[in-house]
Amino acid sequence: MSVVVRFAPSPTGVLHIGSVRTALFNWLFARHNGGKFLLRIEDTDKLRSTEENARSILEILNWLRLDWDGDPVIQSSRIDRHKEVAHDLVKSGKAFFCTCSPEDLNAKKEAAIKSGKPYKYDGKCRDRSGNKPGNAVIRLRAEMVGTSTLDDLVQGRVTIENSQLDDLVLLRSDGTPTYMLSVVVDDHDMGITHVIRGDDHLTNTFRQMQIYEACDWGVPRFGHIPLIYGPDGAKLSKRHGAASAQDYIQLGYLPEAIFNYLLRLGWSHGDSEIISREEAIEWFDIGGVGKSPARFDMAKLQNLNAHYLKLKDDQSLFDCMLPFLEDGLTSEQRQNILRGMKSLKERARTLVELADSSKIYFEAPTKFDEDCGRYATEKHLSLLKDFSDIVRNSAELKESSLLEATKALATEKDVKLVEIAQAVRGALCGRLASPSIFEIIEIIGREETLLRIRNFSNRIEKS
RNA sequence: GUCUCCUUCGUCUAGGGGUCUAGGACACCGCCCUUUCACGGCGGCAACACGGGUUCAAAUCCCGUAGGAGAUGCCA
């Protein structure tokens, strides 16, 4: 059986992270089954769609390495075809012209709601015949009796009464096709075998199935995956966890982490947590996707990201981090960051954190965390002087020899090593958390070390 | 309102009648390692929404209830 799936975003805004997951599941389904993963840009809402958005969607798919087959289909280029199908349906009696005005319909709807009755189109124009009246819409002549059943790949068997459905609009009064018509026609023409999409489309699927049947086309299989919610169970938004894929890039997440996290959200393979893309392709099964909606957990994403950060080699991690660093770094500064990368990446959860922590290798601290004040005493001032002497007099600045010398100093002065180390750390980094101070000294060198300690000491003396 | 779907630790989940005194991961807490912070190691806290059935046996099957979500557009 050959499998053809598609991802069909509309470029009306930024790509939501939930849509990214839909794309991921489609891609995995295609790759697992050796099928095709097609792309369709649903840009029929000309008012809200932009080229810019469309471009950024492709960028994000590329970023995640979700490669698609063939050229993207641009839905707006297919409008004539959609219209043709609608008119064919009128000819074959499966659809009809309707001249009810939106105002009339609205009035009927409000009346129905007011009287507590379920509303649906009353079929007033069903028996109209002849040519298209001026500003008529085309409605599907929907099946009203019996039931319809959908064997959903994710949701299982779902059945509804056809009486719930009504004669949906296929072509608007201005002659443009509706979403319902366009998806069906495009999915059919593109040879889509499996439609995997958000479960907000679940009930619409029954309407779409009727269009397939009216056209006498085979109905594809459907899989409706649950939406993703924010940490508080509400919709994912900027306020509660980022909402768009672009946000996560800016927050400093790696594509590997997003890939893994999104896959694990609502899907699992036993106890596996860290899943490579190869394993994902091998293991993915659409039936294994959970039916219940999942909440987005930033902490878990961060943990995964930290994991993938550590996995990356120093050079490529540096390249990933580059956009988060300020421009104009000298090649020496870059070299220093690279040398310190091994220890830096153990401490960072995101590229933003990594870039921030790497500052110690190209600029002296300009501000100091409050808790550095603990080491701003007479005693520490004197220790910093002694430590400076060690740095000044060491033949070469090696981590091991510096450590020995500092230990000796601690013994001599009868203080704990930590007292010296933390004072030095504060002076070098402006904060009390960093890689080994001796490693930092080895990288930034004698002059810079002495300078930073002097600056810090001056500060203490002033206050 | 009507229809549809969902409900296992705080979160993501394993589980598909007996192996469940319910497993893993993240988060949290404690201990160890340690010049700090991390990393790593060890340990701890913590869940089957509720009520009825069916069955020798139910987290697992059925029916209700409650709560949540989605659909009900000449948006996509």
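All residue numbers refer to position in the chain's written sequence, counted from 1. Each chain takes a letter, starting from A, and each ligand takes a number, starting from 1, following the order in which they are written. Predicted model: local features are reported for residues with pLDDT of at least 70 only, side-chain atom pairs are reported and counted for 80 or more only, and whole-chain, interface and lining totals are derived from all residues. For side-chain calculations, the full set of non-hydrogen atoms in the structure is used, while hydrogens and water are omitted.

**Description of the confidence of the model for chain A**
pLDDT measures the predictor's confidence residue by residue and takes values from 0 up to 100. On average, chain A scores 91 in pLDDT, and the residues at 70 or more come to 98%. Complex prediction metrics read pTM 0.93 and ipTM 0.94.

**Here's the deal with the sheet that holds strand 1 (residues 4-7)**
In this description, strands pair whenever DSSP reports at least two bridges between them. Counting from the N terminus, the helices are the DSSP runs of H or I reaching at least four residues and the strands are the DSSP runs of E reaching at least two. Pairing in this open sheet of three strands is parallel, and the strands run 1-2-3 from one edge to the other. Of all the strands in the sheet, the pair left with one neighbour each is strand 1 and strand 3 (73-74). Sheet analysis places strand 1 next to strand 2 (residues 36-41), joined by four bridges and oriented parallel. Across the sheet, the residue bridging to F7 is L39, located in strand 2.

**Thoughts on the protein's contact with RNA strand B**
Close to RNA strand B lie 63 residues, the nearest being R172, Y229, G266, R425 and S436. In the interface set of RNA strand B, defined as its atoms within 4 Å of the protein, sugar plus phosphate atoms amount to 71%. In the model, a sugar or linking oxygen of RNA strand B is placed 2.6 Å from a nitrogen or oxygen of the S10 side chain. Identification of polar contacts relies on pairs of N or O atoms within 3.5 Å, with a donor-acceptor requirement for protein atoms, meaning one able to donate a hydrogen and the other able to accept it, and with residues adjacent in sequence counted only if both atoms are side-chain atoms. Side-chain polar atom of N303 to a sugar or linking oxygen of RNA strand B: 3.3 Å apart, as the coordinates give it. Among the secondary structure elements, those contributing two or more residues to the surface near RNA strand B are helix 4 (102-114), strand 7 (156-161), helix 5 (179-189), helix 6 (202-215), strand 12 (294-295), helix 10 (298-311), helix 16 (417-429) and helix 17 (437-444). Counting residues per element, the surface near RNA strand B draws most heavily on helix 16, which supplies five residues. Charged residues are taken to be Asp, Glu, Lys and Arg, nonpolar residues to be Ala, Val, Leu, Ile, Met, Phe, Trp, Tyr, Cys and Pro, and polar residues to be all remaining types, Gly included. Here the surface near RNA strand B is built from residues that sort into 24 nonpolar, 18 polar and 21 charged. The criterion for a residue being near a molecule or strand is simple. One of its heavy atoms has to lie within 4 Å of it.

**Topic: the packing of helix 3 (residues 79-91) against helix 5**
The axes of two packed helices give the description: the angle between them and the distance between them. With axes taken as lines fitted to C-alpha atoms, and helix axes fitted only over the stretch in contact, angles between N-to-C directions fall between 0 and 180 degrees. As a packed pair, helix 3 and helix 5 sit with axes 10 Å apart at the nearest point and diverge in direction by 105 degrees. By the angle class used here, helix 3 and helix 5 are roughly perpendicular. Mapping the contact onto sequence places R81, H82, V85 and A86 in helix 3 and L181, S182, V185, D186, H188 and D189 in helix 5. Looking at side-chain class alone, the contact of helix 3 with helix 5 contains four nonpolar, three polar and three charged residues. Angle categories: roughly parallel below 35 degrees, roughly antiparallel above 145, roughly perpendicular from 65 to 115, and oblique for all the rest. Whether two residues touch is decided by their heavy atoms; if any such pair falls within 4.5 Å, the residues are in contact.

**Points about the nonpolar core**
By convention a nonpolar core is built from buried Ala, Val, Leu, Ile, Met, Phe, Trp, Tyr and Cys residues, the set being connected through side-chain atoms within 4.5 Å. Each residue gets one of three labels from its accessible area relative to the maximum for its type: buried under 20%, exposed over 50%, partly exposed in between, using a 1.4 Å probe on protein chains only. Judged by nonpolar contacts, the single largest core of 99 residues is most densely connected at F25 and F296. At nine residues, the largest contribution of residues to this core is made by helix 1 (residues 17-32). Core analysis: the second largest hydrophobic core is formed by 34 residues, F97, L165, M180 and Y212 among them.

**So, unusual backbone geometry**
Phi angles above zero are rare outside glycine, and R65 is one such case at about 60 degrees. With respect to the secondary-structure elements, R65 resides in the loop between helix 2 (51-63) and strand 3. Although it is not a glycine, D216 adopts a positive phi angle of roughly 65 degrees. By the element assignment, D216 lies in the loop between helix 6 and strand 10 (221-225).

**What about the sheet that holds strand 8 (residues 169-171)?**
Judged by pairing direction, the sheet is antiparallel, and its three strands sit side by side in the order 4-5-8 without closing on themselves. At either margin of the open sheet sits one strand with a lone partner, and together these are strand 4 (95-98) and strand 8. Averaged over neighbouring strand pairs, the angle between their axes works out to 45 degrees when direction is ignored. Here strand 5 (residues 137-140) runs beside strand 8; their pairing, made up of two bridges, is antiparallel. For I138, the partnering residue across the bridge sits in strand 8 and is L171.

**Here we look at the packing of helix 11 (residues 314-321) against helix 12 (residues 331-344)**
Close contact between helix 11 and helix 12 brings their axes to 9 Å; oriented N to C, the two are set at 120 degrees. Judged by the inter-axis angle, helix 11 sits oblique to helix 12. As for the relative orientation of helix 11 and helix 12, their crossing is right-handed in sense. Residues D314, Q315, L317, F318 and M321 of helix 11 form the contact with helix 12, whose own contacting residues are R334, I337, L338, M341 and K342. Taken together, the residues of the contact of helix 11 with helix 12 break down into six nonpolar, one polar and three charged. Helix crossings fall into two classes, left-handed where the near helix is turned counterclockwise from the far one by less than a right angle and right-handed where it is turned clockwise.

**Some remarks on the packing of aromatic side chains**
Centre distance within 6.5 Å is the pairing criterion for rings of Phe, Tyr and Trp, where only the six-membered ring of Trp is used; planes under 30 degrees apart are then read as stacked, over 60 as edge-to-face, and the remainder as tilted. Considering all chains together, one arrives at nine aromatic pairs under this definition. A ring pair is formed by F25 and F284, whose centres lie 5.3 Å apart and whose planes are at 35 degrees; its orientation type is tilted. Remark: F284 occurs in the loop between helix 9 (277-283) and strand 12 and F25 occurs in helix 1; sequence separation between them is 259 residues. Here F25 falls in the buried class, since its relative accessible area comes to 0%. Note on W27 and F259: the rings are 6.1 Å apart at their centroids and 85 degrees apart in plane angle, and the pair reads as edge-to-face. One end of the pair, W27, is in helix 1; the other, F259, is in helix 8 (residues 255-264), and 232 residues separate them in sequence. For W27, a relative accessible area of 2% corresponds to the buried category.

**Description of helix 6**
A helix is expected to reach a length of 1.5 Å times the quantity of its residues less one. Taking 1.5 Å per residue, 14 residues should reach 20 Å; helix 6 reaches 21 Å between its end C-alpha atoms and fits that length. Counting buried positions along helix 6 yields 10 of 14 residues, so the element is predominantly enclosed. Taken residue by residue, helix 6 has L202, T205, F206, Q208, M209, Q210, I211, Y212, A214 and C215 as its buried positions. Of the residues trailing helix 6, D216 is marked for its positive phi of about 65 degrees.

**As for the side chain of N336**
Summarising the element assignment, N336 is placed in helix 12. Non-local contacts of N336, meaning those with residues more than four positions away in its chain, are made with Y361 and I443.

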